[in-house]
Amino acid sequence: MSGNTDDLVLRMKKVSIVTVNFNQPKVTEDLLKSLAEVNTYPDLEIVVVDNGSKANPVPEWQERYPGILFVRSDLNTGFAGGNNIGLAHATGDYLFLINNDTEVTADLIGKLVDTMEANPKIGMISPKIHYFDQPGMLQYTGYTPMNYYTCRNACIGQFEQDRGQYDFLSGPTGYAHGAAMMISREAWQKVGGMAENYFLYYEELDWCERIKRSGYEVHVNLDALIYHKESVSVGKRTALKEFFMNRNRILFIRKNAPGFRFFVFCWYFMLAVVPRNIIQYTKNKEYSFIPVFWRAITWHFKNDPDSKNLGFPLTR
């Protein structure tokens, strides 16, 4: 009887789901349906942030989903900003940030909570991720550590069929995955939210670095599963993506590997990355990306690592 009581107490920690919508109301509604019909975790709070969508869906959602908290931001504050808005409204013991283009499995949340409750050293944890459109294909089973001299690491298992070949890796991992990451309230209060000046890309990696520097561990639980609707194929490259991918790669190293490692990275970037990118842009006749690429580099000559100047014009 005592064991069953302990299990009940373990499962009754309140979990806040935080998700961000940007011009994808139908996708977000599919997630809400998944949480309502598939999830079995009992003590759940759902916070949905509309991040400056062209058409404001919040009034209609408030009528259709009375048990869910909807928050509207008039501006697109990026991945980090949108999630930080949601975190500020969340009241759970554990805060589970999931992309709006995900769908949950029944015992996903319970398994993550159990793991974190059993090990107070864990500040953040992610589940195994499968591609939604190709069930059984892995997207994430953990990350390798970062090479700070090149700012390169690998997503373990991506694009492989899941045969359980990586399940032994449950435990500490290099980084959580931004599509699904649960953080304890204690760790969030100590570390704070994601750095909003990344806007897109690398912000969750930077967050994990800060969590680890604060004395917590980042884990993956490969017994827990979520489905992600991100396409297996590489998405179309845009000027916005090229700018933030390159600017933020440098920014991540400036913030997390200063000194000699940053010096080596700068030489690597200028001697290897710059020529490679210029050749690629020219070969693909993407000439408009060349000034965008240089803007991403020169941003760092004009701004400190915590600057709120994004350096790129944003539109809805």
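Some thoughts on the overall build of the protein chain
Each helix and strand in the protein chain was counted, giving 10 helices and 10 strands. Overall, the protein chain is about 65 × 45 × 40 Å in size when its C-alpha atoms are taken along their principal axes. Scored against the burial criterion, the 316 residues of the protein chain give a buried share of 51%. Contacts in the protein chain between residues far apart in sequence, at least 24 positions, make up 74% of those at least 6 positions apart. Each charge sign in the protein chain was given a centre, from 34 positive and 34 negative side chains, and these centres are 10 Å apart.

Structural notes on the packing of helix 8 (residues 239-256) against helix 10 (residues 289-302)
Where helix 8 contacts helix 10, the two axes come as close as 9 Å, and the packing angle between them is 25°. By the angle between their directions, the pair helix 8 and helix 10 is classed as roughly parallel. Pair helix 8 / helix 10 crosses with right-handed handedness. Counted together, Ala239, Glu242, Phe243, Asn246, Arg247, Ile250, Leu251 and Arg254 of helix 8 and Phe289, Val292, Phe293, Arg295, Ala296, Ile297, Trp299 and His300 of helix 10 form the full contact between these two elements.

Quick notes on the pattern of salt bridges
Here the structure, examined in full by the defined rule, presents 16 salt bridges. Of the charged contacts in the structure, one is a salt bridge between glutamate 60 and arginine 64, with a shortest N-O distance of 3.3 Å. Residue glutamate 60 and its partner arginine 64 are both found in helix 3 (residues 58-64); the two are separated by 4 residues, about one turn of the helix. Each of Lys26, Asp30, Glu103 and Lys229 takes part in one network of salt bridges that share partners.

Overview of the state of the cysteines
Enumeration according to the criterion identifies 0 disulfides in this entry. The cysteine cysteine 155 is free of any disulfide, with cysteine 208 supplying the nearest cysteine sulfur at 12 Å.

Quick look at the packing of aromatic side chains
Scanning all chains against the criterion turns up 17 aromatic pairs. Centroid distance tyrosine 65 to phenylalanine 70: 6.2 Å. Interplanar angle 50°. Geometry classified as tilted. When sorted by exposure, tyrosine 65 lands in the same class as phenylalanine 70, which is buried. Pairwise contacts between aromatic rings join Phe265, Phe269, Tyr281, Phe289, Phe293 and Trp294 into one cluster. Between lysine 229 and the ring centre of phenylalanine 132, over which it is positioned, the NZ or CZ distance is 5.0 Å. The residue whose ring lies beneath arginine 261 is tyrosine 148, and the NZ or CZ to ring-centre distance is 4.9 Å.

Some remarks on the pairing of strand 6 (residues 122-131)
Of all 10 residues that make up strand 6, 10 are buried, and the element is covered over most of its length. Bridging between strand 6 and strand 10 (residues 217-228) involves 9 bridges; their strand directions are parallel. Residue isoleucine 122 lies in a different strand from strand 10, and its bridge partner there is glutamate 217. With 2 bridges joining them, strand 6 and strand 9 (residues 180-184) adopt antiparallel strand pairing. The partner of isoleucine 125 across the bridge, within strand 9, is methionine 182. Hairpin geometry of strand 6 and strand 7 (residues 138-140) is characterised by an intervening segment of 6 residues between the two adjacent antiparallel strands and by a positive phi of about 100° at glycine 136.

Some words on the layout of surface pockets
Estimated volume of the second largest pocket: approximately 220 Å³. Residue lining of the second largest pocket: Ile250, Arg254, Phe262, Phe265, Cys266, Phe269, Met270, Ile297, His300 and Phe301, and that is the complete set. Counting residues per element, the ones that place at least two in the lining of the second largest pocket are helix 8, helix 9 (260-283) and helix 10. Considered class by class, the residues forming the lining of the second largest pocket number 8 nonpolar, 1 polar and 1 charged.

A short note on the nonpolar core
By size, the foremost hydrophobic cluster in this structure holds 80 residues, and its most contacted members are Val15, Phe96, Ile109, Met124, Met182, Trp207 and Phe252. Leave out the neighbours within four places in its chain, and methionine 182 touches Val15, Tyr94, Leu95, Phe96, Ile109, Leu112, Val113, Met116, Gly123, Met124 and Ile125. Phe199, Phe243, Val292 and Ala296 belong to the second-largest nonpolar core, a separate cluster that totals 7 residues.

Definitions and cut-offs
- Residues numbered from 1 in each chain as written.
- Predicted model: local features only at pLDDT ≥ 70, side-chain atom pairs only at ≥ 80, totals over all residues.
- Heavy atoms only, no water.
- Helix = DSSP H or I, 4+ residues; strand = E, 2+ residues; numbered from the N terminus.
- Buried < 20%, exposed > 50% of the residue type's maximum accessible area, 1.4 Å probe, protein only.
- Contact = heavy atoms within 4.5 Å.
- Lys, Arg positive; Asp, Glu negative; His and termini not counted.
- Charge placed at Lys NZ, Arg CZ, Asp CG, Glu CD.
- Axes fitted to C-alpha atoms, helices over the stretch in contact; angles between N-to-C directions.
- Parallel < 35°, antiparallel > 145°, perpendicular 65-115°, else oblique.
- Left-handed = near helix turned anticlockwise from the far one by under 90°.
- Salt bridge = Lys/Arg side-chain N within 4 Å of Asp/Glu carboxyl O.
- Disulfide = S-S within 2.5 Å.
- Phe/Tyr/Trp six-rings, centres within 6.5 Å; stacked < 30°, edge-to-face > 60°.
- Lys NZ or Arg CZ within 6 Å of the ring centre and 35° of its normal.
- Pairing = 2+ DSSP bridges.
- 1 Å grid on protein atoms, 1.4 Å probe; cavity = no way out; pocket = protein on both sides within 12 Å on 5 of 7 lines; lining within 4 Å.
- Points joined across faces, edges and corners; volume = space filled by probe spheres on them.
- Nonpolar A, V, L, I, M, F, W, Y, C, P; charged D, E, K, R; others polar.
- Core = buried A, V, L, I, M, F, W, Y, C linked by side-chain atoms within 4.5 Å.

The values are spatial; any link to function lies outside them.
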